[in-house]
Each structure stands twice: as structure tokens, then as C-alpha cells.
Amino acid sequence: MTHTQSGQSVLDRLSPEVLSRLNRFAHDHDYPAGATIIREGDDTHFLGVVTTGRVALRLRVPELGDRFTIVTCEPGEIIGWSAVVAPFRATVDAVATEPTRIVAFDATALRARLVDDHALAAELLPLVLESVSGRLTASWQQMLDMFGSRGPEPW
Amino acid sequence: MVSERQWGATGKGAAVRFLPVDRLDDLVTALRGDGRRVVGPVVEDGALKMAEFEHAAELPFGWTVRTAPGLVRLERRPADAQNADRVFDNGPAWSGIKPWTFPSRVDALSLETRSDGSLAVRVEAPPATATAVIGARACDLAALAVHDRVLAGGPAIDPDYPSRRADFFVVAVECALATSTCFCASMGTGPEVTAGADVVLSEIDGGFAARGDSAAGTRLLDRLALEPALDVQIARATEQVAATRASMGLGVDADGLHDRLLANLDSPRWAEIAERCLACANCTLVCPTCFCTGVEVASDLDGRASTATRAWDSCFTAGFAQVVGGSFRPQHRDRYRQWLTHKFGTWFDQFGTSGCVGCGRCVAWCPVGIDVREELAIIAGPAPTSTATAPQAAAPVLVPGTRILAMARPAAHPGSTRIDYVETTVAAVRPETADTTTLQIATDDPALLAARPGQFVMIAMPAFAIPPISISRIRLDGLELTIRAAGPATSFLARIRPGTKLALRGPLGRPWPVEDAYGRDVAIVAGGIGLAPLRGMLDQVLAERERFESVRLYIGARTPRDRLFVAELDALVAQGVDIRLTVDRAGPEWLGRVGIITELFRGAKPTGANVTAFVCGPERMMTAVTDLLSDLAVPPEHTWLTLERRMECGVGLCGHCQLGTRFVCRDGPVFSVAELGSDLRQESL
């Protein structure tokens, strides 16, 4: 398992015991730039953490010129939270914008483990929730389009 | 024998004379003979207005007034009533004397593009007209003293007011009638006339007790060769004003009102008042101390010549706090709160005195009868130690014998209060994005060249409003201004051609305190057009790089195409400057970071007490950033941000940009988070 280049990774915030249990069904995946990692609407096959590179989360909006990147996942950040949140279906396309490595935890195995391993669940799920919460509040900010033109100026 | 006994609260050591009523016209004639226009209460449109008149007979003999919240009735006193023919027993005239010292409209600036393309700029000088006012009340004089402080007490001096005040003779009258809306006694401003008058009259049987309260006033009375007042007449004057004080009804519990009011910014009562308040601005128009103004520009048809007029404005209007896309006080509730908390609260912080003089005009002239006395009692509650049930003489607002009062001034700051314009030339124009342009302005004006990062200028050009624009770079030969086209003036500027002349006033406002970051880690956080005011600071930081520890720049833009200064920043990145950028949204071609600006901190946190942060962007962004910086232990006194508010004067005189105790243009626009305290998050302040 690879750690991030800068900043604190989600992985760094897990205890060694939980990390070692997660490692049993962890796999490093490497993606070239441009590779689609997750496709919107598909089942989400893993919960991952970006270790190097960058992943763009995109929504398809044909009327507006196809795909919009709404957020990027940077090293240390969770990708694929829908692997542990019903209905376990991807909400966006995830595309590597540069060579990217992700440590991925198999969705089916992880969900089963979370049912039995309460200590793991107690450590991991708050981090997933934190990630989702951060994306939610970021979306609010983006929805405000604060940097955009806000209407007629008095001068 | 001239009596040495004096009436009134203080007296001036001057003899008291008796002015028979049939000689009142002599007083008027003497004042007119000195070359003064004479102003006094006359009946007009069913109310008393302070207007120019020629003879005493035009004054309101025999009229009295009845007032209540939302009611003013001027009525003929019955012929058989006591004091039936009195002239001044009718309360303060609705207009007060403000229109004569601070007219509702004055031409402020004229601009004309000459045939050779140069710009003729003229700051209009007010007419020097000697004026005498007869019938000013104690509340009027208190208001005049407040205006002396606000408009002529600095740091900025209104360009019009002092000359109108310079030769302004006041014949005051002590009120023998307290209307039901009068509450000067509780505000400590009356009914006794203690300062600010040249001559003081008290209307008694058959005429007036008269005293000179200034050398000029005494000389005038001497010229009239009046008989000395009898002791009984002086006693009558004394008793009369005491009776007025005693008869005054509901007052304002002024003790500790500032704190009690400002502690209740979230009172539910504001919303209740707003259900009645029409936001009609009547209260501000009749208020003798309200001083807010706006600038209106009228142009000829071809846009070559225009005049900017300074006109009274009101914090109750929808556009008063309007900036791009919205108003900082969108609801009536917000505007009423602004008015009341300024008048009775933050006015003290700004000017060392109350903004209310207790004249009651706002109560009487409110069409729905909102009574500030009642509202203050409900919102602010009683003073903890208050025992006052009847009006008591509070500490006087006025210092006897003074005209322009030495009251508290705002904290010292390096902001300029420049009011003159300088002709400059647009030397180059560089488009930054689809809607944003950088103008390179050539000037040799030493003050403009001495501008500091974070300051701004006002730009005057024929036919357009005068926008405040922050300085994005300070050059050896001028300034750079980065402007987003959003309204008529900024759209014109964004399309301007090199060689065009512009009139600039500035630099204005408080700059970024770059020196606060000496020896420290620097975090510069810029969102959208907010990068423009920070660019000059980045220039300075990089020019003095050895003075700082780490330097990081965090930039948020709307989309990749909305990035500013792209080539310049790319060059800095190539030189090793740590610049991190994110955009709010992007198409698939963008390979950089997408997300909100605070996410940039994840990779390289500006952490700890050694960080000085400079932040500029939309206010919502800045609060999110400052929250995060606070979490990262960056001290609030080292977290600096620059605020946007509507600015029309740039020097703290027009009132538009008020935020709590501050005028953003004059006291800012750069503030530390510690300085702003809770005001940064107070809704619609």
C-alpha cells in the first residue's frame, strides 16, 4: 500500500489494527491518464483511497457539452463511497486525469466485513461520512457560483 | 438697570435684554442688513418649514402644533387662548436647519471630455452665502454639533459643509412647548439652549428674553439697543423652560443604551417592526443628523460632459447597500436595524456621541407611527440600574461655547481622505478573461504612485457613475486596475481604448499590512476577482522575499477560463513560487484540480501561529476560509481580509459602506478577523 505525497491520507487516520485487517482485501490499481475508473450508474466495486495522481468526478450533462468535472479526488482522499452506501451504485464517472494509483477495498468483502467487524466500522465509516459531508458542503458552495457574475452591478 | 441674573442652564455672563415682539422685525432687518439671508419657520403645506423670509410677519404667529406618532397637525391657536399670538410655541420645524447647512442636493463634480480628448475635471465649490437662522431649537443645535463632528471633524472633511457653516448665525429659541413626540430632555440635548447659538430667545409675554451667547450675538443685541429684561421676565423664561422639561413625556433611557442595543441585534422585534415599517425613508429625511448621501450622475446626450450631484440618501432604500448582484440589507428588518443601531449605538463608536438629539421628528413623521422610544425600550430593555421615571437632564451632548466639537475620532489609520481628482491616461489594456480586463494607468501623480497594495481608487469619467476599483498592481509609472464588467461603468472601462483619459481619486482605504507578515509564513488566499487586490501584495512579498518565511498562494476560480493573470502566475510557478489553484467546475479538457478553495489546504496546510493570511474573495468564501484557518491555529489578528461594500465617497462620509462600527471604505477595506469579531458573521449587518 502506498501513502500519499502530501497531506494526511485517510489511511493515516486508521489504527494499525484496522489497517491490517483492511489490507487483507486491498489491492493497488494503476490507471493511465484518461482511464475511466468508475462509471456513473454502475455498481461501485470498491471503496478506494487515491494514493497518487488525480481523479476527476464527472457528471454527464449532454445539453451543456457532455461532461462536467464537479470535483477532483486528490491523493489521500476517498473515492467510491457509494461502495458502502446503498444502493451501492456510482453517482458519477470517475476518470484519471493523470497516471493514478488507488488502493481499493473490494466492495462486497468490505460490506460483509463491516457487518461483523464493529471496530473496523467504527473507524472507517466516520471517515467515509466525513468525505461525503465534505463533498456535500463543497457542492453547496459550488452551487452558489460565488465567483461567477452575480448580476447587474450598480456601476 | 441691566440685570446680571441669567436664565438657562449655563448662561454666558451676558446681560439679558427684552426684545418686544414688535421689534422682532428689527432683529430680522439687522441680520439682513449684514448681508445674510435669513431663515426661519414659516407655514408651508400645512407644516412648519425652515425657509428664507424677509419680514418677521411671515413667521408663524398664532400657530401651534399637535403631534403624535404618525401625526403632525399645525393648528391656529384660538384667539382667546393664553399666549394666542405667540410665534415659536409650535415645536421644531419639520425640516430643521439641515437643508441650509447640508442641502439635499449639491453639485459635487463636473467632468467634460474636451475636443483634444483631455478631461476637464472640476470639484464644485459651494457658494459662500452668509446665513442667519431664527428659531432654531436646542435639538437643532445639538444636531448641528453632531454634523460639525461628522462632516467637519475629520478624518475626511466634507468639501461642501464647512463653507456653509463658516458664516452661519444662529438665533435660537428655548422651547416653551414640548410636543408629545419631543424627548430632548432624555437625550441630554434640551430643551435649554446651552451651546451653538449666537443669540438665545425665550418667548415670554409681549416679546422675548434675549441673551447673546457669542460675541457676534452680543454685538447684535447691542446694536438693537434693547432694554434690559426685568427680573420677572428672566424668571419667567427660566420657569418656562423648566416647565417644558417637566412636561416632556416618554423619553429614551439613554443609560448604557449603546451596549443594550448592540447586544440585541438578533431580537425578534426587528422583524415585527418590519411588518409595519414601509421603508419609506421619511424618518431619515426629517432626521436632523442623518448624513448619508449618494452620487447621481447626469450627462449630456453624447456623453461628453456630466455632473455628479451629491444627494441625500437613506439606509432604508433598497439600493443603499447594493453591490454586484444584491444588497447587504435585503429586508426592511435589516434596514430598520441599521438605522436604529447606528443612531443610538454605533454612532458613539464612530463619532463619540449619540446620533439622536431627541427632536422626535422621526416619530411624528412616520406614516405608520413607529415610535423609536417604544421600540428602543422593547429591543434594548431597561438599563440595569435605571431608576429614571421622569425625564432627567443627562450629560449634555454639547460642550458649551463650542461650535465644532472635539469628540472621539476613529482609530488612526493610514487611509487617505483625498477628495480631488487627477487626470490619468489609459496606457494599455489587457483582457484577462471574457469579462475581466486589466487597465494600465499612466500617471505621475505622487500620491497615486505612493499607493499601497489593498487600496483602491474612485474612477470618474463623463456620463458614468463613479466606481471604486481596487488597485491590482503599483508600477513605477502608474497603476494597474483589474475590472470585471458587470454594470454600465465597469463595462465601459472593460472596453476602453488606450489613450482614454480617466479621472482618478485616491489611493483610498487601508492597505494590506504586509509588514505584519515579516518573519512569518505567508498564506495568500484569493477567490475569483479577489485575486486582483492581492496581486499587488504578492508583488511586494516576492520583491521582499527574504523578509518572509514560506509563501503560498491559494487560488480559486470559477472555471479554467475565468483564471486571472494566467501567464504571469505560470511564470511564477516556473520560478518555484508555491501556487495552488482549483476551479469550481471544469470541462473534461481541464486536468487540474476541481473543488472549492478550502480543499487546497488539504495538500499544504497554512498551519500555526506563525502564519499570516491574506484573504480576498466573496464574503461567504472568506468566512469558510477563516473558519479553516482558525481550526489550523492561524491567529485571528494575523488573518486579514478585504471586504466589499457599496462605496460612493471612499472617505467615510456617505454612509453606504457601514458595517457595525466601521465605514469599510475608510476604516478598511482591509480588516483582521480579530478586528471584525462577530460582525463578520452577523446576518445583513
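Computed from a prediction, not measured in an experiment: that's the story for all the values here. (Residues numbered from 1 in each chain as written. Chains lettered and ligands numbered in written order. Predicted model: local features only at pLDDT ≥ 70, side-chain atom pairs only at ≥ 80, totals over all residues. Heavy atoms only, no water.)

*Asks:* Which residues make up the overall build of chain B, and what values do they have?
*Replies:* Scanning chain B for helices and strands turns up 20 helices and 31 strands. For chain B, whose C-alpha radius of gyration is 29 Å, the value lies close to the compact-globule estimate of 26 Å for 685 residues. Each principal axis of the C-alpha distribution contributes one length, and for chain B these read about 95 × 65 × 40 Å. For chain B, restricting intrachain contacts to residue pairs at least 6 apart in sequence, the fraction spanning at least 24 positions comes to 75%. Averaging the positions of the 70 positive and the 80 negative side-chain charges in chain B gives two centres separated by 3 Å. (Helix = DSSP H or I, 4+ residues; strand = E, 2+ residues; numbered from the N terminus. Rg over C-alpha atoms; globule rule 2.2 N^0.38 Å. Contact = heavy atoms within 4.5 Å. Lys, Arg positive; Asp, Glu negative; His and termini not counted. Charge placed at Lys NZ, Arg CZ, Asp CG, Glu CD.)

*Asks:* Explain the confidence of the model for chain B to me, using residue names and the numbers behind them.
*Replies:* All names here are of chain B. On average, residues of chain B score 90 in pLDDT, and 93% of them are at 70 or above. Across residues 1-5 the pLDDT falls below 50, and counting only partners more than four positions away or on other chains, this stretch makes 13 contacts in the model. Per-residue pLDDT stays below 50 along residues 388-414; that stretch engages in 67 contacts with residues further than four places along the chain or on separate chains. (pLDDT = per-residue confidence, 0-100.)

*Asks:* Describe the interface of chain B and chain A, and please don't skip the residues or the numbers.
*Replies:* Facing the 42 residues of chain B at the interface are 28 residues of chain A. Between chain B and chain A the total buried area reaches about 3200 Å² when both faces are included, carbon and sulfur atoms providing 55% of it. Applying the counting rule to chain B against chain A returns four salt bridges. Residue Asp145(A) is joined to Arg558(B) by a salt bridge in which the shortest nitrogen-to-oxygen separation is 2.6 Å. Inspection of the chain B/chain A interface yields ten residue pairs in polar contact (both at pLDDT 80 or more). For the side of chain B that touches chain A, the secondary-structure elements that each account for two or more residues are strand 15 (322-323), helix 15 (488-494), strand 24 (551-557), strand 26 (593-594) and helix 18 (619-631) of chain B. For the side of chain B that touches chain A, the per-class residue count stands at 20 nonpolar, eleven polar and eleven charged. (Buried area = accessible area lost by both parts, 1.4 Å probe. Salt bridge = Lys/Arg side-chain N within 4 Å of Asp/Glu carboxyl O. Polar contact = N/O pair within 3.5 Å; in protein donor to acceptor, adjacent residues only side chain to side chain. Nonpolar A, V, L, I, M, F, W, Y, C, P; charged D, E, K, R; others polar.)

*Asks:* Mind laying out the domain arrangement of chain B, listing which residues take part and the relevant values?
*Replies:* Residues and elements named next belong to chain B. Parsing chain B into structural domains produces domain 1 (16-104 + 116-247), domain 2 (257-380), domain 3 (422-508) and domain 4 (514-642). For domain 1 and domain 3, the distance between their C-alpha centroids amounts to 47 Å. Residue-level contacts link four residues of domain 1 with six residues of domain 3. Here domain 1 and domain 3 share an interface that buries about 360 Å² over both sides, 73% of which is from carbon and sulfur atoms. Our count for the domain 1 to domain 3 interface comes out at zero salt bridges. At the surface where domain 1 touches domain 3, the tally comes to one residue pair in polar contact (both at pLDDT 80 or more). Here the side of domain 1 that touches domain 3 is built from residues that sort into two nonpolar, two polar and no charged. (Domains from an automatic or database assignment.)

*Asks:* I'd like to hear about helix 18 of chain B, residue by residue, with values.
*Replies:* Here helix 18 of chain B is 13 residues long and its end C-alpha atoms lie 18 Å apart, about the 18 Å a rise of 1.5 Å per residue gives. Burial in helix 18 of chain B covers these residues: Met621(B), Met622(B), Thr623(B), Ala624(B), Val625(B), Thr626(B) and Leu629(B). For helix 18 of chain B, the secondary structure elements touched by its buried residues are helix 3 (118-144) of chain A together with strand 23 (521-527), strand 27 (611-616), strand 28 (639-642) and helix 20 (673-676) of chain B. (Expected span 1.5 Å × (residues − 1). Buried < 20%, exposed > 50% of the residue type's maximum accessible area, 1.4 Å probe, protein only.)

*Asks:* Please provide a residue-by-residue account of the pattern of salt bridges, values included.
*Replies:* Residues and elements named next belong to chain B. This model, assessed by the stated rule, comprises 52 salt bridges over all chains. A salt bridge links Arg269 to Glu375; the shortest N-O distance between them is 2.7 Å. Within this pair, whereas Arg269 is found in helix 9 (residues 269-276), its partner Glu375 is found in helix 13 (residues 372-380), the two being separated by 106 residues in sequence. Looking at Arg269, the relative accessible area reads 17%, which means it is buried. For Arg430, the salt bridge is made with Glu432, and the minimal N-O distance between the two is 3.2 Å. The class for Arg430 is partly exposed, based on a relative accessible area of 33%. Residue class for Glu432 comes out buried when judged on its relative accessible area of 17%.

*Asks:* Break down the packing of helix 1 (residues 24-33) of chain B against helix 6 (residues 215-224) of chain B for me, citing the residues and quoting the values.
*Replies:* All names here are of chain B. Between helix 1 and helix 6, the least distance of the axes is 10 Å, while the angle of their chain directions is 120 degrees. Considering their axes alone, helix 1 and helix 6 lie oblique with respect to each other. Remark: the crossing between helix 1 and helix 6 carries right-handed chirality. Between helix 1 and helix 6, the residues in contact are Asp26, Leu27, Ala30 and Leu31 and Leu220, Arg223 and Leu224, respectively. A class-by-class count of the residues in the contact of helix 1 with helix 6 yields five nonpolar, no polar and two charged. (Axes fitted to C-alpha atoms, helices over the stretch in contact; angles between N-to-C directions. Parallel < 35°, antiparallel > 145°, perpendicular 65-115°, else oblique. Left-handed = near helix turned anticlockwise from the far one by under 90°.)

*Asks:* Describe in detail the state of the cysteines, supporting the description with residues and values.
*Replies:* Residues and elements named next belong to chain B. Applying the stated criterion across every chain yields a total of zero disulfides over all chains. Unpaired in this structure, Cys139 has its nearest cysteine sulfur neighbour in Cys359, at a distance of 5.2 Å. Take Cys654: it sits in no disulfide, and the sulfur closest to it among the cysteines is that of Cys649, at 3.9 Å. (Disulfide = S-S within 2.5 Å.)

*Asks:* Please provide a residue-by-residue account of the pairing of strand 8 (residues 131-136) of chain B, values included.
*Replies:* All names here are of chain B. Taken across its six residues, strand 8 has six buried, putting it largely inside the fold. Where strand 2 (residues 37-44) lies against strand 8, three bridges are found, and the strand directions are parallel. The residue bridging Val38 from the neighbouring strand is Ala132, located in strand 8. Note: strand 8 against strand 9 (residues 168-174), five bridges, orientation parallel. Within strand 9, the residue paired with Thr131 across the bridge is Phe168. (Pairing = 2+ DSSP bridges.)

*Asks:* Kindly report on helix 13 of chain B, identifying the contributing residues and their values.
*Replies:* Residue and element names in this part refer to chain B. Buried within helix 13 we find Val372, Arg373, Glu375, Leu376, Ile379 and Ala380. Within helix 13, the buried residues cover an arc of 165 degrees as seen down the axis, which keeps them to one side. Of the surrounding elements, those touching the buried residues of helix 13 are helix 8 (257-262), helix 9, helix 11 (332-351) and helix 12 (361-364). The first or second residue beyond helix 13 is Gly381, which carries a positive phi of 70 degrees. (Arc of directions from axis to C-beta.)

*Asks:* Describe the sheet that holds strand 6 (residues 78-79) of chain A, naming the residues involved and giving the relevant values.
*Replies:* All names here are of chain A. If you trace the four strands from one edge of the open sheet to the other, you get 1-8-3-6, paired in antiparallel fashion. Edge positions in the sheet fall to strand 1 (26-31) and strand 6, since each has one partner strand and no second. When strand 1 meets strand 8 (residues 100-106), the two strands line up antiparallel, connected through six bridges. Across the sheet, the residue bridging to His29 is Ile102, located in strand 8.

*Asks:* Requested: an account of the nonpolar core, with residues and values cited.
*Replies:* Soluble globular proteins tend to bury their nonpolar side chains together. Residues and elements named next belong to chain B. In terms of nonpolar packing, the biggest core is built from 92 residues, with Val170, Val615, Met621 and Leu643 touching the most fellow members. The element best represented in this core is helix 3 (residues 138-152), accounting for ten residues. Ala281, Cys287, Cys315 and Val363 belong to the second-largest nonpolar core, a separate cluster that totals 30 residues. (Core = buried A, V, L, I, M, F, W, Y, C linked by side-chain atoms within 4.5 Å.)

*Asks:* Can you break down the confidence of the model for chain A residue by residue, with the values?
*Replies:* A residue-level look at chain A finds 93% of positions with pLDDT of 70 or above and a mean pLDDT of 89. In this model, residues 1-6 of chain A is a region of pLDDT below 50 whose contacts with residues beyond four sequence positions or in other chains number 21 contacts.

*Asks:* Could you give an account of the packing of helix 3 of chain B against helix 11 of chain B, with specific residues and numbers?
*Replies:* Residues and elements named next belong to chain B. Taken N-terminus to C-terminus, the directions of helix 3 and helix 11 make an angle of 55 degrees; their axes are 11 Å apart at the nearest point. Relative to helix 11, helix 3 is oriented oblique. In terms of crossing hand, the pair formed by helix 3 and helix 11 is left-handed. Between helix 3 and helix 11, the residues in contact are Val146, Arg149 and Val150 and Trp347, Gln350 and Phe351, respectively.

*Asks:* How would you summarise the packing of aromatic side chains if you had to cite specific residues and measurements?
*Replies:* Overall, the coordinates contain 15 aromatic pairs over all chains when judged by the stated rule. Relative to Phe663(B), the ring of Phe351(B) has its centre 6.4 Å away and its plane inclined at 45 degrees; by these criteria the two rings are tilted. With Phe351(B) in helix 11 and Phe663(B) in strand 30 (residues 662-663), this pair connects stretches of sequence that are 312 residues apart. If you follow Arg111(A) out to its NZ or CZ, it ends over the ring of Phe88(A), 3.9 Å from the centre. Positioned above the aromatic ring of Tyr518(B) is the side chain of Arg547(B), whose terminal nitrogen or guanidinium carbon lies 4.3 Å from the ring centre. (Phe/Tyr/Trp six-rings, centres within 6.5 Å; stacked < 30°, edge-to-face > 60°. Lys NZ or Arg CZ within 6 Å of the ring centre and 35° of its normal.)

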